[in-house]
Amino acid sequence: LGDSDLIETGETVIAIGNALAEFSNSVTKGIVSGKNRRLLAGTFARSEIIEEAIQTDAAINPGNSGGPLIDLDGNVVGMNTAISDQAQSLGFALPSNSVSRALDSVRENGRIVRPWLGVRFVPIDDAYAESNSLDYDYGAHVIFGSGDSPSVIPDSPAERAGIRPGDIILSIDGQPIDSEHSLANVIAKKFPGDEVVLRVARDGEEIDIGAILEERDPNF
């Protein structure tokens, strides 16, 4: 396994898999088209949001899922995971560092243990900041929820820390939340029990809030 943080956009990669569950050891070549992509993957029956995905134009077909994405030095930098059914040459892989964390967790705990904060949010970019008249063009905006979809999950680390709807989480432990470092991505690199410091914009001021991460509730 290689270090997926070291790959660069434009770098040549090779995808290997069992294409269409019929053509074993199929090999395709392409480039890294993007990093840290956020996408909704799955079927109508079940779907999930994938963070920090590697985008590649190497041909990935049904049956390739689970196969390695390899750099030219022979390092596995990703695990082929998803394709877009709305475009050609648009494939995605989980980064190898994310896979390594999952493997380590299974070895140590017998299951994948993920930390969580417990907020629903929208990543802020220039367009979102302008349309919502925000003073920041980066960060994670804790959206206003209601009913069965509260913005701050009850009895979560975020609620206990005092995070409120409308807050903008600007950074975690000094790491700015931006297009390269999403809130979910930064949290995923932590561990349950870790204490983190959130820099939050609220009512025209920036404040620091401490939170202790917990194991992610499988219901969220």
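Located above this text is the structure these notes cover.
Residues numbered from 1 in each chain as written. Predicted model: local features only at pLDDT ≥ 70, side-chain atom pairs only at ≥ 80, totals over all residues. Heavy atoms only, no water.

1. Concerning unusual backbone geometry
Located in the positive-phi region is Asn36, a residue other than glycine, with phi close to 55 degrees. With respect to the helices and strands, Asn36 occurs in strand β2 (residues 23-42). Since its relative accessible area comes to 23%, Asn36 is described here as partly exposed. Positive phi outside glycine occurs at Asp155, with the angle close to 60 degrees. For Asp155, the position within the fold is in the loop between β9 (140-142) and α3 (157-161). (Helix = DSSP H or I, 4+ residues; strand = E, 2+ residues; numbered from the N terminus. Buried < 20%, exposed > 50% of the residue type's maximum accessible area, 1.4 Å probe, protein only.)

2. Regarding the pattern of salt bridges
Overall, the coordinates contain nine salt bridges when judged by the stated rule. Salt-bridge contacts for Asp155 lead to Arg160; the nearest nitrogen and oxygen are separated by 2.5 Å. Taking the relative accessible area as the measure of exposure, Asp155 reaches 54% and is therefore exposed. Note that Glu214 and Arg160 form a salt bridge whose closest N and O atoms lie 2.3 Å from each other. Residue Glu214 is found in strand β14 (residues 214-215), and its partner Arg160 is found in helix α3; the two are separated by 54 residues along the sequence. Its relative accessible area of 29% is what places Glu214 among the partly exposed residues. One network of salt bridges, with partners in common, ties together Asp155, Arg160 and Glu214. (Salt bridge = Lys/Arg side-chain N within 4 Å of Asp/Glu carboxyl O.)

3. Remarks on helix α1 (residues 96-109)
For α1, with 14 residues, the first-to-last C-alpha span of 20 Å sits near the 20 Å given by 1.5 Å per residue. Restricting attention to buried positions, one finds in α1 the residues Ser96, Asn97, Val99 and Ser105. Buried positions along α1 lie against β5 (76-83) and β6 (91-95). (Expected span 1.5 Å × (residues − 1). Contact = heavy atoms within 4.5 Å.)

4. Regarding the side chain of Asn80
On the secondary structure map, Asn80 appears in strand β5. The residues contacting Asn80, other than those within four sequence positions of it, are Ala15, Ile16, Ile60, Asn64, Ser65, Gly66, Gly67, Pro68, Leu69, Phe92 and Ala93.

5. A closer look at the side chain of Gln55
Mapped onto the elements of the fold, Gln55 is located in strand β3 (residues 47-56). Side chain to side chain, Gln55 and Arg37 meet in a polar contact 2.8 Å long. Apart from the residues lying within four places of it in its own chain, the contact partners of Gln55 are Ile31, Val32, Ser33, Gly34, Arg37, Leu90, Gly91 and Phe92. (Polar contact = N/O pair within 3.5 Å; in protein donor to acceptor, adjacent residues only side chain to side chain.)

6. Considering the nonpolar core
When a protein is soluble and globular, its nonpolar side chains tend to lie buried together. One finds Leu117, Val119, Ile163, Ile169, Ile172, Leu183 and Leu198 to be the most contacted residues of the largest nonpolar core, which totals 20 residues. Looking at this core, the elements with two or more residues in it are β9, β10 (168-172), α4 (183-188), β12 (195-202) and β13 (205-212). The contact partners of Leu117, leaving out residues within four places of it in the chain, are Ser156, Pro157, Ala158, Ile169, Ile187, Leu198, Ala211 and Leu213. Within the second largest apolar cluster, 10 residues are counted, among which are Ile7, Val13, Ile54 and Val77. (Core = buried A, V, L, I, M, F, W, Y, C linked by side-chain atoms within 4.5 Å.)

7. Things to note about the environment of Gly2
Mapped onto the fold, Gly2 is located in the segment before β1 (12-19). For Gly2, a relative accessible area of 13% corresponds to the buried category. Separated by 69 residues in sequence, Gly2 and Asp71 place their C-alpha atoms 8.6 Å apart.

8. Examining the pairing of β6
The buried fraction of β6 is high, at four of five residues. Two strands pair when backbone bridges link them, and β5 and β6 are joined in this way by five bridges, in the antiparallel orientation. What sits directly across from Ala82, in β6, is Phe92. (Pairing = 2+ DSSP bridges.)

9. Quick notes on a negative patch on the surface
Residues Asp125, Asp126, Glu130 and Asp137 make up a contiguous surface patch of negative charge. Note that Glu130 resides in helix α2 (residues 126-131). You can call Glu130 exposed: its relative accessible area is 66%. (Patch = residues over 30% accessible without salt bridge, like charges linked within 9 Å, V, L, I, M, F, W, Y side chains within 5 Å. Areas by Shrake-Rupley, 256 points an atom, 1.4 Å probe, with all protein chains shown as cover. Lys, Arg positive; Asp, Glu negative; His and termini not counted. Charge placed at Lys NZ, Arg CZ, Asp CG, Glu CD.)

10. Some points on the packing of aromatic side chains
Applying the stated rule across the entire model yields one aromatic pair. Seen from their ring centres, Tyr136 and Tyr138 are 6.1 Å apart, and the 85 degrees between their planes marks the pair as edge-to-face. Judged by relative accessible area, which is 19%, Tyr136 ranks as buried. Exposure remark for Tyr138: the relative accessible area of 29% places this residue in the partly exposed category. (Phe/Tyr/Trp six-rings, centres within 6.5 Å; stacked < 30°, edge-to-face > 60°.)

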